[in-house]
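Take a look at the letters that make up each chain.
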Amino acid sequence: MTPPPAAFTTRAVHAGRQDLRSLGVHALPIDLSTTYPFDDLPAAADSLYDLAHGAASADEPIYARLHNPTVARCEAAVADLEGASDTIAFGSGMAAITAALLATQQRGGHVVAVRPLYGTTDHLLTSGLLGLEVTWADAPRVAEALRDDTALVLIETPANPTLDLVDMAAVVEQAGDVPVMVDSTFAPPVIQRPLAHGATLSVHSATKFLGGHGDVVAGVVSTSEDEWAAQLRHVRVATGGVLHPMAAYLMHRSLPTLPQRVNRAQATATILADRLLSHAGVSTVRFPGRTHQGNLCARQMDGPGTIIAFDVGDAEAARRVLRQSGRMTPAVSLGSVDTLIQHPASLTHGVVGEEAKATSGITPGLLRLSVGLEDADDLWHDLETALAAATPVATAHAPESTW
Ligand SMILES: *Cc1c(COP(=O)(O)O)cnc(C)c1O
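Note that the structure is predicted; figures quoted are calculated from it, not measured. (Residues numbered from 1 in each chain as written. Predicted model: local features only at pLDDT ≥ 70, side-chain atom pairs only at ≥ 80, totals over all residues. Heavy atoms only, no water.)

1. A word on the overall build of the protein chain
Thought 1: Check the secondary structure of the protein chain and you find 15 helices and twelve strands.
Thought 2: For a compact globule of 403 residues, the expected C-alpha radius of gyration is about 22 Å, and the protein chain comes in at 22 Å, within 12% of that figure.
Thought 3: Along the longest, intermediate and shortest principal axes, the C-alpha atoms of the protein chain span 75 × 50 × 40 Å.
Thought 4: The proportion of buried residues among the 403 residues of the protein chain is 53%.
Thought 5: Considering only intrachain contacts with a sequence separation of at least 6, the fraction spanning at least 24 residues in the protein chain is 73%.
Thought 6: Of the charged side chains in the protein chain, 26 are positive and 43 negative; the average position of the first set lies 6 Å away from that of the second. (Helix = DSSP H or I, 4+ residues; strand = E, 2+ residues; numbered from the N terminus. Rg over C-alpha atoms; globule rule 2.2 N^0.38 Å. Buried < 20%, exposed > 50% of the residue type's maximum accessible area, 1.4 Å probe, protein only. Contact = heavy atoms within 4.5 Å. Lys, Arg positive; Asp, Glu negative; His and termini not counted. Charge placed at Lys NZ, Arg CZ, Asp CG, Glu CD.)

See the structure below:
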């Protein structure tokens, strides 16, 4: 009898470890070889050719930029969790996004992108560095921006830093034959799996939740289309944006606890978002489902996530909160075991133009909180203290907190 499909938590523990027993080991092995001895020259030449043109594996691994078994195991694990047939890992989230954009050159070279996007992604598209033609569109008007040579539609949901959601299925429908890539960094596979909503590519900065402990820089692209998988590996071999096996090991080691980390932080974030909503010093709170787009959140996400954006009035108040942040680390990045807080307008989105900032809701007083695994009451104590420091004269917008 075939066993029933395993639950996500079970797969998170076992994914990508299928060959360990045959190797006679229990923990994930780390292969740091940069080169591999070969037995037979013609077979080695064939392997090199295949790997350089996008094969997932070959008889001989040849060279670490072409293939690495530690990285391949981590990729198999992420593919399992994403519901994809392939995952291709890169040296960072930006290397992963760059590879996908470079692969579009062979398919037409015109990209339709929806704002807001992660600041560096926005910059990559507007700077002309990749020589791509980009049309910016609002999510409901993607269809109008399509051209004959459109090779990719790029969206991010939840968006950084406003946590706006984009309806993935609706964009996929508008895009028709054009592949859609979703940057799902803010919602790791335990919460959201873009391929299930019709996306062709799901990309993550694995530096965030998948690494999960603030010690890995990595990116992953997942797809169930063989041609895309081969093109992404081809770009990786040719441009060299590979993931180091040590980083792949650390990411893979973090995956078994991904559901517990995310679900726990999400429960804490829900408590904090509610308390922020009734705090007099906070003018706006952004938390998916709770403050906006409830139906869409329920349709495409298993929960609101662990990130809250909130506005404390102006840049000076934001600066005071960050100075008094207690156990919350004032730092960019997100999805770590500890709580991080930062100021998007000057940091993660500092490179975004003033006009784009304004239309994307990146206001001067906006702070982004990535909730970690600390106790909710401890975090609320720190937040309340920081907010008191930020608003010496309370500008009451909302009734006093009852907590
Ligand atoms: C951090 C981030 C990236 C870039 O990832 P790196 O690993 O820092 O290169 C891309 N998209 C989103 C949404 C991010 O938060």
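Moving on from the model shown.
2. Describing the side chain of Thr306
Thought 1: Checked against the element boundaries, Thr306 lands in the loop between helix 12 (294–300) and strand 9 (307–311).
Thought 2: According to the relative accessible area criterion, Thr306 is buried, its value standing at 1%.
Thought 3: If we ignore the near neighbours within four places in the chain, the residues touching Thr306 are Phe209, Val262, Ala265, Gln266, Ala269, Leu369, Ser370 and Val371.

3. Here we look at the sheet that holds strand 9
Thought 1: One open sheet accounts for five strands, arranged 8-9-12-11-10; its pairing is mixed. The outermost strands of the open sheet, each flanked by one partner alone, are strand 8 (284–286) and strand 10 (329–330).
Thought 2: Most of the contacts of helix 11 (residues 258–277) go to strand 9, to which it runs at about 10 degrees, and overall it touches strand 8, strand 9 and strand 12 (366–370). (Pairing = 2+ DSSP bridges. Axes fitted to C-alpha atoms, helices over the stretch in contact; angles between N-to-C directions.)

4. Focus: the site of the ligand
Thought 1: Close to the ligand lie 14 residues; Gly93, Asp183, Ser205, Thr207 and Lys208 are nearest.
Thought 2: One of the side-chain N or O atoms of Asp183 is found 2.7 Å from a nitrogen atom in the ligand.
Thought 3: Between the ligand and Lys208 there is a distance of 2.8 Å, counted from an oxygen atom to a side-chain nitrogen or oxygen.
Thought 4: Protein chains shield 92% of the accessible area of the ligand, which is 380 Å² for the free molecule.
Thought 5: The element contributing the most residues to the shell around the ligand is helix 5 (residues 93–105), with three residues. (Near = heavy atom within 4 Å. Polar contact = N/O pair within 3.5 Å; in protein donor to acceptor, adjacent residues only side chain to side chain. Areas by Shrake-Rupley, 256 points an atom, 1.4 Å probe, with all protein chains shown as cover.)

5. Some points on the sheet that holds strand 6 (residues 201–205)
Thought 1: Reading across the sheet, the seven strands line up as 1-7-6-5-4-2-3 and stay open at both edges, with mixed pairing between neighbours. Edge positions in the sheet fall to strand 1 (86–90) and strand 3 (133–136), since each of these pairs with one other strand and no more. On average, each strand axis in the sheet is tilted by 20 degrees relative to the strand beside it, whichever way the strands run.
Thought 2: Across four bridges, strand 2 (residues 110–113) lies against strand 3 in parallel orientation. Paired with Val111 across the bridge in strand 3 is Val134.
Thought 3: This element, helix 9 (residues 226–239), spans strand 1, strand 4 (150–156), strand 6 and strand 7 (219–223) of the sheet and lies at about 20 degrees to strand 1.

6. Looking at helix 8 (residues 168–175)
Thought 1: Turning to helix 8, its buried residues are Met168, Val171, Val172 and Ala175. Buried residues along helix 8 cover an arc of 100 degrees about the axis, so they all sit on one side.
Thought 2: Against helix 7 (142–145), strand 4, strand 5 (180–183) and helix 12 lie the buried residues of helix 8.
Thought 3: By the N-cap criterion, in which a side-chain oxygen at the helix start approaches the backbone nitrogen of a residue two or three places on, helix 8 is capped by Asp167, the distance to Ala169 being 3.3 Å.
Thought 4: Gly176 sits one or two positions beyond helix 8 and adopts a positive phi of about 60 degrees. (Arc of directions from axis to C-beta.)

7. Regarding the pairing of strand 2
Thought 1: Neither face of strand 2 is exposed, since His110 and Val112 on one face and Val111 and Ala113 on the opposite face are all buried.
Thought 2: Handedness of the strand 2-helix 6 (residues 119–126)-strand 3 crossover: right-handed.
Thought 3: Pairing analysis gives four bridges linking strand 2 to strand 4, with the strands arranged parallel. Within strand 4, the residue paired with Val111 across the bridge is Leu152. (Right-handed = clockwise from strand over helix to strand, strands pointing away.)

The analysis is restricted to geometry; functional conclusions fall outside its scope.
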